[in-house]
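# Structural characterization, general
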Amino acid sequence: MLSIGIVGLPNVGKSTLFSALTKKQVDMSNYPFATIDPNVGVVAVPDERLDKLAAMSNSAKIVPTAIEFVDIAGLVKEAHKGAGLGNQFLSHIRAVDAIAEVVRAFEDPNVIHVEGRVDPTADIDTISTELALADLALVEKRLEKLEGEARAGDPESKKRLAVYGRLHELLGRGEPARNEPLKPEEESLIDVQLLTLKPLICVLNTDGPETAHTAFDMPQATPVISLNLKHELDLASLTEAEQHELGEAPRLPLLITACYDVLGLISFLTTGPKETRAWTITRGTSAQKAAGKIHSDFEKNFIRAEVIDWRELLTIGSWAKARELGKIRSEGKEYIMRDGEVIEFRIG
Ligand SMILES: Nc1nc2c(ncn2[C@@H]2O[C@H](COP(=O)(O)OP(=O)(O)O)[C@@H](O)[C@H]2O)c(=O)[nH]1
Ligand SMILES: [Mg+2]
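Calculation rules
Residues numbered from 1 in each chain as written. Chains lettered and ligands numbered in written order. Predicted model: local features only at pLDDT ≥ 70, side-chain atom pairs only at ≥ 80, totals over all residues. Heavy atoms only, no water. Helix = DSSP H or I, 4+ residues; strand = E, 2+ residues; numbered from the N terminus. Buried < 20%, exposed > 50% of the residue type's maximum accessible area, 1.4 Å probe, protein only. Contact = heavy atoms within 4.5 Å. Areas by Shrake-Rupley, 256 points an atom, 1.4 Å probe, with all protein chains shown as cover. pLDDT = per-residue confidence, 0-100. Core = buried A, V, L, I, M, F, W, Y, C linked by side-chain atoms within 4.5 Å. Near = heavy atom within 4 Å. Polar contact = N/O pair within 3.5 Å; in protein donor to acceptor, adjacent residues only side chain to side chain. Axes fitted to C-alpha atoms, helices over the stretch in contact; angles between N-to-C directions. Parallel < 35°, antiparallel > 145°, perpendicular 65-115°, else oblique. Left-handed = near helix turned anticlockwise from the far one by under 90°. Nonpolar A, V, L, I, M, F, W, Y, C, P; charged D, E, K, R; others polar. Arc of directions from axis to C-beta. Salt bridge = Lys/Arg side-chain N within 4 Å of Asp/Glu carboxyl O. Pairing = 2+ DSSP bridges.

### Thoughts on the overall build of the protein chain
The number of helices and strands found in the protein chain is 13 helices and 13 strands. A total of 348 residues make up the protein chain; the buried ones form 45% of that total. A sequence separation of at least 24 residues applies to 64% of the contacts in the protein chain between residues at least 6 apart. Carbon and sulfur atoms make up 52% of the accessible area of the protein chain, which totals about 17,300 Å².

### Notes on unusual backbone geometry
A positive phi is found at Asn11, a non-glycine position, where the angle reads about 65 degrees. Assignment of secondary structure puts Asn11 in the loop between strand E1 (3–7) and helix H1 (14–26).

### Points about the confidence of the model for the protein chain
With 90% of its residues at a pLDDT of at least 70, the protein chain reaches an overall mean of 88. Taken element by element, the protein chain is modelled with least confidence in strand E2 (residues 35–37), mean pLDDT 50, and with most confidence in strand E11 (residues 302–309), mean pLDDT 98. In the predicted structure, residues 26–36 sits below a pLDDT of 50 and forms 22 contacts with residues beyond four places in sequence or in another chain. Per-residue pLDDT stays below 50 along residues 211–215; that stretch engages in six contacts with residues further than four places along the chain or on separate chains.

### Some thoughts on the nonpolar core
Ile4, Leu17, Leu21, Phe69, Leu90, Ile93 and Leu255 are the most contacted members of the largest nonpolar core, which totals 43 residues. A total of six residues in this core trace back to one element, the largest contributor, which is helix H9 (residues 252–262). Not counting chain neighbours up to four residues away, the residues in contact with Ile93 comprise Val7, Ile72, Ile99, Leu131, Leu195 and Lys198.

### As for the site of ligand 1
Looking at ligand 1, there are 17 residues lining it, with Asn11, Lys14, Ser15, Thr16 and Asn205 nearest. In this structure, an oxygen atom belonging to ligand 1 sits 2.9 Å away from a side-chain N or O atom of Asn205. Contact with the protein chains covers 78% of the free accessible surface of ligand 1, which is 580 Å². For the shell around ligand 1, the elements supplying multiple residues, two or more each, are H1 and helix H7 (229–236).

### Quick word on the packing of helix H4 (residues 120–151) against helix H5 (residues 155–172)
Their axes nearest at 9 Å, the elements H4 and H5 cross at an angle of 150 degrees. Here H4 lies roughly antiparallel to H5, going by the angle between them. Every pair of crossing elements has a handedness; the one defined by H4 and H5 is left-handed. Contact residues: H4 offers Ala132, Asp135, Leu136, Val139, Glu140, Arg142, Leu143, Leu146, Glu147, Glu149 and Ala150, while H5 offers Ser157, Lys158, Arg160, Leu161, Tyr164, Gly165, His168, Leu171 and Gly172. Taken together, the residues of the contact of H4 with H5 break down into nine nonpolar, four polar and seven charged.

### Remarks on helix H10 (residues 287–294)
For H10, the set of buried residues is Ala287, Ala290 and Ala291. Axial view of H10: buried residues confined to an arc of 105 degrees, hence all on one face. For H10, the elements touching its buried residues are strand E9 (265–271), strand E10 (275–282), helix H11 (296–300), E11 and strand E13 (341–347).

### With respect to the side chain of Arg94
Its location among the elements puts Arg94 in helix H3 (residues 86–94). Note on Arg94: relative accessible area 18%, which makes it buried.

### Digging into the pattern of salt bridges
Within this structure, the stated rule accounts for 25 salt bridges. Note that Arg329 and Glu331 form a salt bridge whose closest N and O atoms lie 2.9 Å from each other. The class for Arg329 is partly exposed, based on a relative accessible area of 30%. In this structure Glu331 comes out as buried when scored by relative accessible area, which is 17%. Overlapping salt bridges bring together Arg304, Glu306, Arg323, Glu344 and Arg346 as one network.

### Comments concerning the sheet that holds strand E4 (residues 61–63)
Where strands meet in a sheet, backbone hydrogen bonds hold them as pairs that are either parallel or antiparallel. With mixed pairing, the six strands of this open sheet are ordered in space as E4-E10-E9-E13-E11-E12. Unpaired on one side and paired on the other, E4 and strand E12 (329–331) mark the two borders of the sheet. Across the sheet, the mean angle separating the axes of adjacent strands is 30 degrees when strand polarity is ignored. In terms of strand pairing, E11 meets E13 through seven bridges, oriented antiparallel. Directly across from Asp309, in E13, lies its bridge partner Glu341. Set on the sheet, H9 makes contact with E9 and E10; between it and E9 the angle comes to about 110 degrees. Of the strands in this sheet, E9, E10, E11 and E13 touch H10, which is tilted by about 125 degrees from E10.

### Section: the pairing of E10
Of all eight residues in E10, six are buried; the element is thus mostly enclosed. With three bridges connecting them, E4 and E10 associate as parallel partners. Directly across from Ile62, in E10, lies its bridge partner Thr276. What sits between the antiparallel neighbours E9 and E10 is a turn of three residues.

Put into structure tokens, the structure is as follows:
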């Protein structure tokens, strides 16, 4: 399962976010996941398509797709040199697939800020610098080994050396590795887990009106979501009816879907009387590979995929009717799957 690490300075709202995300799960009676470990929680990806398809198919259950969130201890200045939890902390970030960086924008004299002031831009800078310097140390170690191998004439090492050399320059300036435009074949030569190459999403923890996000700088192309996390946690403890009564809807689902997006993930759907279910694949996955998500035999014995867009299926009202109308397409193993397609695989 893909995981998102919640990262940020101490006292910015990371654990508040984690609690809000995982609290929601307790109320989801038909969902088997909950908090795995005090710091790791599995969170369903909200998907309105599932409810609608389940109603159409009279499904006994709904199985959403899920991602894992990890509450990682607070990062402090000089972490790359071992300050705070230092390296132990950094190794936890290396293990995740993407980073949700929580940034404090709320003013509250009762909550101490490690630097004694609320300054989102400066905090983002502190975190980026620490992550870049941690990567720099790793890249330097890697370069040393590769230089030896390249001198010995290994052609693969020479290619790697060139890519790591470019990253070294960038990281040395405190810039994230993701700023270096790499071709897919160059990226595949990187064989260490670089923190600053992981997809990043920024959660601006605001108090009150959600306008502050225009007032600070985030590295280019980083999605920013502003939320009042304390308020989200309060909302997460209420039932849907109670939320409705207050006239407030939680904004947390926005973050979950944005994380799914930033990871380049899409879903295909299956529906029937037994269950309606979402399956996660990365953008660009073929029909045959997608079949393997359900069962490895499905991939091996794949004949074809029967496909229809979820909206079209709902409009028609049933799979049988859609077939009658000739609206179910038949696709081969090379077909590239699109988000929101309802599939039946034909297997030999
Ligand atoms: N006023 C205010 N306080 C918050 C907000 N989010 C978190 N806090 C408080 O800040 C403190 C630190 O939050 P916590 O989630 O434990 O921070 P962490 O160290 O990043 O995990 C707690 O007392 C929270 O209740 C917020 O949006 N507004
Ligand atoms: Mg915490």
